[in-house]
Amino acid sequence: MGVKLSSPIHPHLNLLDLPHDVLLLLCNYLPLQDLPNLSRSCTHLNLLVGHHLDHLTSVKMISSWARFLSTNTGLLTQMESLVDHVRMKEDLMGRKDMYRLLHIRPDKMEEVRRVSCAEESVTFIGRNSPDKVEVRDELGRKVVRVDRVRWLQVEHRWSEVKLGRYRVSVRIRVEDNFTWPHTEHQPTVWTVGFPVEEGEEDIVVGVDRAWWRHLRKGMTLGGRVSVEKEGLGKWVRVVLPEVNVKRVGVVQVKVRDTVCNWWKGGLSFDFLELRRVG
């Protein structure tokens, strides 16, 4: 006995025959970077992508973006600077602005506090000379460049942090003269201190030589201390573990490299960020 194959109910049905609302729903399952390719397929899909982008860049999202700009205008990334002019939906200048905002995801920026590493409130111990605070042309602001030190410690404290879940990140750039000559058992230690119901708690994570080598190669790193690439330039975010602040108090971040006593350097520090995530 042979196998009987069923024939399709609608043999001539194609994607464009689906209702508009169904096609919009399908767009939600596509990665953002695939939407430009879809829009180039035909006029119908180009219009569909336009409606989808217009829906995603909601008034609520743009209001979140405007609130973020009101407190962090001087410390924007290169991608963020491209949509610095947007305060209302009417300010969007075409799809490029929509794509940039959707890449940034300002709706996830419930509360963001950034501080420049060149500010006095950020402590650098081990910096070899004050002339290494320099202005980067691509940013238009001062950053701290660590060229050659034996050991390094960076610290900052955010005061009056309210209850909630937070994520701390450090924006850095690996320079051409980067060298971090650690042995296998000489870690760089990243620490986040935060208030709990009674007292304080620290999350301490060390990264080894392999971690720094992968960072220099431009690899995306996971783990408890992860690295996030940005859409433009060579700057990356080193993201520390999430913390749960259970009473109003101080959140502190520390970066310490004091075990390896060999000369190291070739890192630039832009800003530190405390972001509420829940």
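None of the values given here were measured: they were computed from a predicted structure.

**Some thoughts on the overall build of the chain**
- Secondary structure assignment for the chain yields seven helices and 13 strands.
- Here the chain has a C-alpha radius of gyration of 23 Å; the compact-globule value for 278 residues is 19 Å, and the former is much larger.
- Projected onto the principal axes, the alpha-carbon positions of the chain cover approximately 75 × 55 × 45 Å.
- Buried residues in the chain amount to 44% of all 278 residues.

**Concerning the pairing of strand E9 (residues 226-229)**
- Bridge count between E9 and strand E10 (residues 236-239): four bridges; the pairing is antiparallel. Within E10, the residue paired with Ser-226 across the bridge is Val-239.
- The antiparallel pairing of E9 with E10 creates a hairpin that spans six residues between the two strands, and Gly-233 there sits at a positive phi of about 75 degrees.

**As for the sheet that holds strand E5 (residues 152-161)**
- Within the open sheet, the five strands sit side by side as E2-E5-E12-E7-E8. Their pairing is antiparallel. Bordering the open sheet on either side are strand E2 (123-125) and strand E8 (200-207), each of which pairs with just one other strand. Between one strand axis and the next, the sheet turns through 15 degrees on average, direction left out of account.
- Pairing between E2 and E5: three bridges, direction antiparallel. When the bridges of E5 are listed, Phe-124 appears paired with Val-154.

**Brief notes about helix H7 (residues 209-216)**
- Residues of H7 that are buried include every one of Trp-211, Trp-212 and Leu-215, and no others. The buried residues of H7 occupy an angular sector of 95 degrees when the element is viewed end-on, so they sit on one face.
- Summarising the contacts, the buried residues of H7 are in contact with strand E6 (164-179), strand E7 (188-195), E8, E9, E10 and strand E13 (265-276).
- Capping the start of H7 is the job of one residue whose side-chain oxygen sits 3.3 Å from the backbone nitrogen of Ala-210: Asp-208.
- Just beyond H7, the residue with positive phi is Gly-218, at close to 80 degrees.

**Some remarks on the environment of Leu-102**
- Within the secondary structure, Leu-102 sits in helix H6 (residues 95-104).
- Each C-alpha atom of the pair Leu-102 and Leu-45 lies 19 Å from the other, and the pair is 57 residues apart in sequence.
- Those residues in contact with Leu-102 that lie beyond four places of it in its chain are Leu-32, Leu-53, Leu-56, Thr-57 and Met-61.

**Let's talk about the packing of aromatic side chains**
- In total, this model carries seven aromatic pairs according to the counting rule given.
- An angle of 25 degrees between the planes, with centres 5.4 Å apart, marks the rings of Trp-65 and Phe-68 as stacked. With a gap of three residues between them, Trp-65 and Phe-68 both fall in helix H4 (residues 59-72), about one helical turn apart.
- Three or more aromatic residues joined by ring pairs form one cluster here, namely Phe-178, Trp-180, Trp-190, Trp-211 and Trp-212.
- For Arg-148, the ring lying beneath its charged end belongs to Trp-263, and the centroid distance is 4.0 Å.

**Regarding the confidence of the model for the chain**
- Taken residue by residue, the chain gives an average pLDDT of 89. The fraction at 70 or more is 94%.
- By mean pLDDT, the top-scoring element of the chain is strand E11 (residues 243-245) (96), and the lowest-scoring one is strand E3 (residues 133-136) (77).

**Things to note about the packing of helix H1 (residues 20-27) against helix H3 (residues 43-56)**
- Running from N to C, H1 and H3 cross one another at 65 degrees; their axes reach a closest spacing of 10 Å. Here H3 runs roughly perpendicular to H1, going by the angle between their axes. Classified by chirality, the crossing of H3 by H1 is right-handed. Residues His-20, Leu-23, Leu-24 and Cys-27 of H1 lie in contact with H3, whose contacting residues are His-44, Leu-48, His-51 and His-52.
- Across the contact of H1 with H3, the residue classes break down as four nonpolar, four polar and no charged.

**Focus: the environment of Arg-150**
- Topologically, Arg-150 is positioned in the loop between strand E4 (141-146) and E5.
- Each C-alpha atom of the pair Arg-150 and Val-251 lies 27 Å from the other, and the pair is 101 residues apart in sequence.
- Leave out the neighbours within four places in its chain, and Arg-150 touches Asp-257, Cys-260, Asn-261, Trp-262, Trp-263 and Lys-264.
- Here Asn-261 takes part through its backbone oxygen, which lies 2.9 Å from a polar atom of the side chain of Arg-150.

How each quantity is defined
- Residues numbered from 1 in each chain as written.
- Predicted model: local features only at pLDDT ≥ 70, side-chain atom pairs only at ≥ 80, totals over all residues.
- Heavy atoms only, no water.
- Helix = DSSP H or I, 4+ residues; strand = E, 2+ residues; numbered from the N terminus.
- Rg over C-alpha atoms; globule rule 2.2 N^0.38 Å.
- Buried < 20%, exposed > 50% of the residue type's maximum accessible area, 1.4 Å probe, protein only.
- Pairing = 2+ DSSP bridges.
- Axes fitted to C-alpha atoms, helices over the stretch in contact; angles between N-to-C directions.
- Arc of directions from axis to C-beta.
- Contact = heavy atoms within 4.5 Å.
- Polar contact = N/O pair within 3.5 Å; in protein donor to acceptor, adjacent residues only side chain to side chain.
- Phe/Tyr/Trp six-rings, centres within 6.5 Å; stacked < 30°, edge-to-face > 60°.
- Lys NZ or Arg CZ within 6 Å of the ring centre and 35° of its normal.
- pLDDT = per-residue confidence, 0-100.
- Parallel < 35°, antiparallel > 145°, perpendicular 65-115°, else oblique.
- Left-handed = near helix turned anticlockwise from the far one by under 90°.
- Nonpolar A, V, L, I, M, F, W, Y, C, P; charged D, E, K, R; others polar.

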